[in-house]
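# Observations on the three-dimensional arrangement
Listed below are the residues making up each chain.
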Amino acid sequence: MKIIQKQYIVDEKNQKIAVQIDFKTFQRIEAILEDYALAQLMRETENDETLDINQAKTYYQALEKA
């Protein structure tokens, strides 16, 4: 596992209030979190009813009219 280089931001009482990380590391963390969330959503909905293309078009056209 890679060590994350970070800098702490402190207040006047020397209490940590924030962390700075480089942008590339932030982007990697963000991508991992998004992938994890998508996988969770896929697991939660794997037994949900699915629509074929025509059913989906009809459904979304009805939503636009409402």
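Above this text you will find the structure in question.
This section reports on the structure supplied with the text. (Residues numbered from 1 in each chain as written. Predicted model: local features only at pLDDT ≥ 70, side-chain atom pairs only at ≥ 80, totals over all residues. Heavy atoms only, no water.)

## Some points on the overall build of the chain
The number of helices and strands found in the chain is 2 helices and 2 strands. Across the chain, helices and strands are ordered from the amino to the carboxyl terminus as β-β-α-α. Once the C-alpha set of the chain is aligned to its principal axes, its extents read approximately 60 × 30 × 20 Å. As displayed, the chain has an accessible area near 6700 Å², and 55% of this comes from carbon and sulfur atoms. Once the 9 positive and 12 negative side-chain charges of the chain are each reduced to a mean point, those two points are 10 Å apart. (Helix = DSSP H or I, 4+ residues; strand = E, 2+ residues; numbered from the N terminus. Areas by Shrake-Rupley, 256 points an atom, 1.4 Å probe, with all protein chains shown as cover. Lys, Arg positive; Asp, Glu negative; His and termini not counted. Charge placed at Lys NZ, Arg CZ, Asp CG, Glu CD.)

## A short note on the packing of aromatic side chains
Applying the stated criterion to the full structure yields 2 aromatic pairs. Looking at K16, its charged tip hangs above the ring of Y8, at a distance of 4.0 Å from the centre. (Phe/Tyr/Trp six-rings, centres within 6.5 Å; stacked < 30°, edge-to-face > 60°. Lys NZ or Arg CZ within 6 Å of the ring centre and 35° of its normal.)

## As for the pairing of strand β1 (residues 6–10)
Side-chain direction in a regular strand flips from residue to residue, so the side chains alternate between the two faces of the sheet. Inspection of the sheet shows β1 paired to strand β2 (residues 16–21) by 5 bridges, in the antiparallel sense. Note that in β2 the partner of Y8 across the bridge is V19. The hairpin formed by β1 and β2 contains 5 residues between the paired strands, and N14 there has a positive phi angle of roughly 65 degrees. (Pairing = 2+ DSSP bridges.)

## Topic: helix α1 (residues 23–45)
With 23 residues, α1 should reach 33 Å at 1.5 Å per residue; the first-to-last C-alpha distance of 33 Å fits that figure. Where α1 begins, the side chain of D22 points an oxygen toward the backbone nitrogen of K24, at a separation of 3.2 Å. (Expected span 1.5 Å × (residues − 1). Polar contact = N/O pair within 3.5 Å; in protein donor to acceptor, adjacent residues only side chain to side chain.)

## Here we look at unusual backbone geometry
A positive phi angle, near 65 degrees, is found at N14, a position not held by glycine. The residue N14 is located in the loop between β1 and β2 in this model.

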